[in-house]
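Results of the structural survey
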Amino acid sequence: MKRTYGALLGACATVAFASAAYAETITIATVNNGDMIRMQGLTDDFTAKTGHEVEWVTLEENVLRQRVTTDISTKGGAFDIMTIGMYETPIWGANGWLVPLDDLSEEYDVDDILPAMAGGLSHDGTLYAAPFYGESSMIMYRTDLMEKAGLEMPEAPTWSFIREAAAAMTDRENDINGICLRGKAGWGEGGAFITAMSNSFGARWFDMDWNAQFDTQPWKDTLEFYVGMMNESGPAGYATNGFNENLSLFQQGKCGMWIDATVAASFVTNPNDSTVADSVGFALAPDTGLGKRSNWLWAWALAIPAGSQKEDAAKQFIEWATSKDYIELVAENEGWANVPPGARTSLYENPNYMEVPFAQMTLDSILSADPNNSTVEESPYVGVQFAAIPEFAGIATEVSQEFSAVYAGQQSIDEALEKAQAITNDAMEAAGYR
Amino acid sequence: MARAVTTNRKIINTAVAWGIGLLVFFPILWTILTSFKTEAQAIADPPIFLGFDWTLENYAVVMERSDYGKYLWNSIVIAGGSTILGIIIAVPAAWSMAFVPSKKTKDILLWMLSTKMLPAVGVLYPIYLLFIKMGILDSKIGLVIVLMLINLPIIVWMLYTYFKEIPGEILEAARMDGASLKEEVIYILTPMAIPGIASTLLLNVILAWNEAFWTLNLTAAKAAPLTAFIASYSSPEGLFYAKLSAASTMAIAPILILGWFSQKQLVSGLTFGAVK
Amino acid sequence: MATQHSRSAARLMMAPAVILLLGWMLVPLTMTLYFSFKKYLPMRGGDLGWVGFENYIRFVTSSSFWPSVVTTLTIVGGVLLITVVLGIFLAILLNQPMWGQGIVRILVIAPFFVMPTVSALVWKNMFMDPNYGLLSYLWEFFGAQPVEWLSKASMTSIITIVSWQWLPFATLILLTAIQSLDSEQLEAAEMDGASAPKRFAYITLPHLGRAITVVILIQTIFLLSIFAEIFVTTGGAFGTKTLSYLIFQRVLESQNVGLGSAGGVYAIILANIVAIFLMRIVGKNLDA
């Protein structure tokens, strides 16, 4: 009561007071990525429109996952909105842990959400989280270095071209590495990259009976290709490089090519942060001619835990943060290149946005990833760079640690694959799949 | 002749000690310096030590992005509260162990220490569920209780070792004069043990301030202390060394300053009964 | 001196601390034991029934188990060795006459005030990063190939970081102890022609015995459960997975509370083995 009164006074002092009578304070857990931090900075707009206050819990990605997973599985109720990804949403939705987002307002225009994103954030056709931004992965390369190497990047290159180009662009004297890729352990870091890459080599995590497939040739091919290429043309210590490390390497002009999240495009082309902003080109992630490319699909999305006492206010926030108006608001304040990408179809119909150099390639990349059909051979799971089953995060983190040990030269590819096979089968057995 | 030798030795001692001291302190110094650089200067090759354009920009960014005052206040309340509560509970226990020892005293003491060996991650779910049931999730009082329990064995042990050094005759004399147990503890024992209590207080404030598992996992927006504040700067997208340094400096500065001002207390009091 | 009355009063005074700690130990312990015999998967509907010793067997037979025990003991042992040896050296040094003793002391104890998360972040990013870290500049400056610390020298790196954090504690306790050493005794020994190493071995070191015991005991308790340093730096990769990190992976990353709880019971057993081992030394050295 007291709080409502206070908020009412506050609201009178500013603008709206019609909605202030319902004013609540909602707690939102989110990840410390640039787009989310921008959203925090714009919270006042939401408060002015609805009267609700927002308290932010901004955490680094790994800590965030740990925090929200504990809270949701114990029904702790510490958060009214959680920022989660395409991996968690279908699993939590299936468990009935999230509030279905099936009654969003007319003006929100839920059909405008890119089908690939809406699909990945739904369970049984019901949307459980609204995408704040979506991404695939693509090649970002230095046009100047490519020219210097006497090569031309095709729109849709193959892995063998990439390897060749990487070797040609490498210039150790001047600290230029032909290619920078993620090698850091963790299912969402190097694990995501190598899984997406393995798709293009014809590998898969599980066969239709949930048997691990690390004893198959495609996995061996993938790792041999990756390690061979990185040793030829990659940066020192790539075994610990994740998204951030590679981003700063690229921004400092130390990478010829970088295959990573499409959202990185706005960072590497931002002249405030990047020393190479005006010479960056984009291309689709490579393939090997087997019919699958090595790009992933991901969205950071906002979801409401079931049982939240502040469901209405939380829904209002989600509608605000993932709306077309929000995109306009960011464009006004920060320019079109900085709006959260990859969530809405209308954004890619906006001529202002399509002038941004990476807009088309981002859309093409997103459209070429299909979570329901990501592997060459048939697989029982949904997801491109992950399998949307609860056990995956744990298994894939351990497996990627074995891979990182290969990258650091601590074990052979065969040893790592053997361990990966054992770890995966063991965990799947523990979970009752096999 | 003898004097020359001592002076020489003093010079060598001074040089070596300062060298080591600066080496040990260097990571902190570097963090503080980096916090005043721009992001580009923070990763400059070769590294810049002092000749950069000093800027407060990182601090401004951090202050704008997060409510530092709130985190700081939570840290103070949680670290201070848990320590004081712990001392209130530990003083009587340590007293009875020191002055009315029994065969089991030593076992009890060691058992208390052994409770600290329970791996925190293993009991996260049980404790989390318990906190939900008790309605103290994301509350300062919940963290005060947990951190008090975590540090209680150390507090009891430290106080016990101080109390043991107080000669029993003094207490006996007081008892002869008709002092009650309560009076004995409050008017005689506690004043005599002030230095010990002070260093116990300090050590436990430091331990509680730096505790990063429970403080991070049992809080959300309301009770989050500086450990959670750091978790939002640890590895964001893009260049972040300078901002991370600014946030780190802000998180450790209060306790560093407290530690420095009271280092005499800490040095003289931190014995754990190691000195006869 | 202890009358019946004061005995019962003493028991009463001890009660709050004992009861609280008993609760703090028993409640989680009971729950851990309970979960460890269950198939408990929060992501698959929670409690899926009793499974006997299956979790215990699965945890031990996992290829990560023994390496994690070895890693845990290596880190504890390595850090203890470094902090005790350097601590004794620093304590002796800081006890010598010099200019600016107070300031040096402040510099040396400073790392103790830094939160583990912060120190891990600072070391990882600003010192051990293979591209921007200060150490790699230093190596390059001397014409050496920079070391990829956290991947190729992962254990050395973690032991370094943790030792840096705990060296001040060891130094402080040892310094306090050394200050109580009778300097006349040392001078007399010097007069008698005892060499410096001999004086150290026969007078200083025995005097420090209790203090070393205390350092080992307290540090072991804290080191057995280090977590933040590994979580921040390597995430358990490159052979740095300690037992408590393995439990974290089972409970939080794999969302298998039953399996993790069984791991927790093993960790308690390991801690107790170490504890019994310690008590033997402590019992001799620390007549409490």
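Every value quoted in this text rests on a predicted model; they were computed, and no experiment measured them. Once a new chain begins, its residue numbering starts again from 1 and follows that chain's sequence as written. Chain letters start at A and ligand numbers start at 1, both assigned in the order the entries are written. Given that the model is predicted, a residue must reach a pLDDT of at least 70 before its local features are reported, and side-chain atom pairs must reach 80 or more before they are shown or counted; all residues, however, enter totals for whole chains, interfaces and linings.

1. A word on the overall build of chain B
Which entries qualify depends on this criterion: To qualify as a helix, a DSSP run of H or I must reach at least 4 residues; to qualify as a strand, a run of E must reach at least 2; elements of each kind are numbered from the N terminus. C-alpha atoms define the radius of gyration in this analysis, and the globule rule sets the expected value at 2.2 Å times the number of residues to the power 0.38. Our exposure labels follow a C-beta count within 10 Å of each residue's own C-beta, placed from the backbone: buried means 20 or more other C-beta atoms, exposed means 12 or fewer, and partly exposed covers the counts in between. C-beta atoms are first placed from the backbone for all residues, and any pair lying within 7 Å is then listed as a contact.
Check the secondary structure of chain B and you find 14 helices and 0 strands. Its C-alpha atoms give chain B a radius of gyration of 23 Å, clearly above 19 Å, the size a compact globule of 276 residues would have. Seen along its three principal axes, the alpha-carbon backbone of chain B occupies a region of about 75 × 70 × 30 Å. The buried share among the 276 residues of chain B stands at 52%. Nonlocal contacts in chain B, meaning residues at least 24 apart in sequence, comprise 81% of its contacts between residues at least 6 apart.

2. Details of the overall build of chain A
Tallying secondary structure elements over chain A gives 18 helices and 10 strands in all. Relative to the 2.2 N^0.38 estimate, which gives 22 Å for 434 residues, the radius of gyration of chain A is 22 Å and therefore close to what a compact globule would have. Taking the principal axes of the C-alpha coordinates as reference, chain A spans close to 65 × 55 × 35 Å. Taken over 434 residues, chain A has a buried fraction of 59%.

3. As for the confidence of the model for chain B
This is how it is decided: Confidence of the prediction at every residue is given by pLDDT, a number between 0 and 100.
Summary statistics for chain B give a mean pLDDT of 86 and a share of 94% for residues scoring 70 or more. At the level of chain-chain contacts, confidence expressed as ipTM amounts to 0.89, with global pTM at 0.90.

4. Some thoughts on the domain arrangement of chain A
Residue and element names in this part refer to chain A. Put simply, the test is: Annotation comment: domain bounds sourced from an automatic or database domain assignment. Amino acids outside the nonpolar list (Ala, Val, Leu, Ile, Met, Phe, Trp, Tyr, Cys, Pro) and the charged list (Asp, Glu, Lys, Arg) are all regarded as polar, and Gly is one of them.
Once the domains are mapped, chain A shows domain 1 (2-128 + 298-354) and domain 2 (137-296 + 377-430). A separation of 31 Å is found between the C-alpha centroids of domain 1 and domain 2. Here the side of domain 1 that touches domain 2 is built from residues that sort into 6 nonpolar, 2 polar and 1 charged.

5. A word on the interface of chain A and chain B
If you look at the interface, chain A gives 23 residues, while chain B gives 21 residues. If you list the elements that add at least two residues to the side of chain A that touches chain B, you get α2 (34-41), β2 (53-59), α4 (61-73) and α11 (243-251) of chain A. With 4 residues, the top contributor of residues to the side of chain A that touches chain B is β2 of chain A. When the residues that make up the side of chain A that touches chain B are grouped by side-chain class, the tally is 8 nonpolar, 11 polar and 4 charged.

6. Overview of α11 of chain A
Residues and elements named next belong to chain A. A large share of α11 lies buried, amounting to 8 of its 9 residues. Within α11, burial applies to Phe 243, Glu 245, Asn 246, Leu 247, Ser 248, Leu 249, Phe 250 and Gln 251. Residues of α11 that are buried in the fold lie against β6 (130-142), β7 (177-180), β8 (255-261) and α12 (264-268). At the exit of α11 stands Gly 253, carrying a positive phi of roughly 75°.

7. Thoughts on the interface of chain B and chain C
Facing the 80 residues of chain B at the interface are 83 residues of chain C. Among the elements that take part in the side of chain B that touches chain C, helix α1 (residues 2-34) of chain B stands out by supplying 16 residues, more than any other.

8. Structural notes on unusual backbone geometry
Phi at Lys 75 of chain A is positive, roughly 55°, even though this residue is not glycine. Assignment of secondary structure puts Lys 75 of chain A in the loop between α4 and β3 (81-85). Look at Lys 75 of chain A and you get exposed, because 12 C-beta atoms sit within 10 Å. Positive phi outside glycine occurs at Asp 138 of chain B, with the angle close to 55°.

9. Regarding the packing of helix α9 (residues 190-200) of chain A against helix α10 (residues 217-233) of chain A
Between two packed helices, the angle of one axis relative to the other and the distance separating the axes together describe the packing. Residue and element names in this part refer to chain A. Applicable threshold: The axes used here are C-alpha line fits, helices contributing only the stretch in contact, and every angle between their N-to-C directions lies in the interval 0 to 180 degrees. Convention used here: angles under 35 degrees read as roughly parallel, angles over 145 as roughly antiparallel, angles from 65 to 115 as roughly perpendicular, and any remaining angle as oblique. In this scheme the handedness of a crossing depends on how the near helix is turned from the far one: anticlockwise by less than a right angle means left-handed, clockwise means right-handed.
Close contact between α9 and α10 brings their axes to 9 Å; oriented N to C, the two are set at 120°. In terms of orientation, α9 lies oblique with respect to α10. Two packed elements cross with a definite hand, and for α9 against α10 that hand is right-handed. Contacts from Ile 194, Met 197 and Ser 198 of α9 reach α10 at Pro 218, Trp 219, Thr 222 and Tyr 226.

10. Side note on the domain arrangement of chain B
We note that the domain assignment places domain 1 (2-56) and domain 2 (66-232) within chain B. Each of domain 1 of chain B and domain 2 of chain B has a C-alpha centre, and the two are 36 Å apart.

11. As for the UniProt feature "transmembrane region" (unreviewed entry) in chain B
All names here are of chain B. Selection rule: UniProt positions are given in the numbering used here, feature names are shortened, and annotations may be inferred rather than shown by experiment.
As annotated in UniProt, the feature "transmembrane region" (unreviewed entry) corresponds to residues 12-33, 71-96, 108-129, 141-163, 184-209 and 240-261 in the numbering used here. Secondary structure within residues 71-96 divides into 100% helix and 0% strand; the distance between the first and last C-alpha atoms comes to 38 Å. Measuring from the first to the last C-alpha atom of residues 240-261 gives 31 Å, for a span that is 95% helix and 0% strand.

12. Concerning the pairing of β3 of chain A
All names here are of chain A. For the record, the criterion: Two strands are counted as paired when DSSP detects at least two bridges linking them.
The buried fraction of β3 is high, at 5 of 5 residues. Going residue by residue along β3, you find Ile 81, Thr 83 and Gly 85 tucked away on one face and Met 82 and Ile 84 tucked away on the opposite face as well. Pairing geometry for strand β1 (residues 25-31) and β3, over 2 bridges, is parallel. The partner of Ala 29 across the bridge, within β3, is Met 82. Relative to strand β10 (residues 297-303), β3 runs antiparallel, the two being bridged by 4 bridges. Bridge pairing links Met 82 to Ala 303 in β10.

13. Thoughts on the nonpolar core
Soluble globular proteins tend to bury their nonpolar side chains together. For the record, the criterion: In this usage, the nonpolar core is the set of buried Ala, Val, Leu, Ile, Met, Phe, Trp, Tyr and Cys residues whose C-beta atoms join them within 7 Å.
Core analysis: the largest hydrophobic core is formed by 317 residues, its most contacted members being Met 140 of chain A together with Ala 90, Ala 94, Val 156 and Leu 159 of chain B. At 17 residues, the largest contribution of residues to this core is made by helix α7 (residues 140-165) of chain B. Each residue touching Ala 90 of chain B, except ones within four places of it in the same chain, is listed here: Leu 152, Ile 155, Val 156 and Leu 159 of chain B together with Ala 17 of chain C.

14. Quick look at the confidence of the model for chain A
When pLDDT is averaged along chain A, the result is 91, and 95% of the positions lie at 70 or above. For the stretch residues 1-20 of chain A, pLDDT sits under 50, and the model shows 21 contacts to residues farther than four places along the chain or on other chains.

15. Examining the environment of Arg 67 of chain A
Within the element layout of this structure, Arg 67 of chain A appears in helix α4. For the pair Arg 67 of chain A and Ala 78 of chain A, spaced 11 residues apart in sequence, the C-alpha separation works out to 9.7 Å. Setting aside its immediate chain neighbours within four residues, Arg 67 of chain A contacts Ala 29 and Leu 59 of chain A together with Asn 217 of chain B.

16. With respect to the environment of Gly 78 of chain C
Take Gly 78 of chain C: it is sitting in helix α3 (residues 65-94). A C-alpha to C-alpha distance of 30 Å links Gly 78 of chain C and Thr 32 of chain C, two positions 46 residues apart in sequence.

17. Observations concerning the environment of Met 140 of chain A
All names here are of chain A. Along the chain, Met 140 turns up in strand β6. Once the C-alpha coordinates of Met 140 and Ala 285 are considered, the two residues, 145 residues apart in sequence, prove to be 9.2 Å apart. Setting aside chain neighbours within four positions, we find Met 140 in contact with Phe 250, Trp 258, Ala 264, Ala 265, Val 268, Val 280 and Phe 282.

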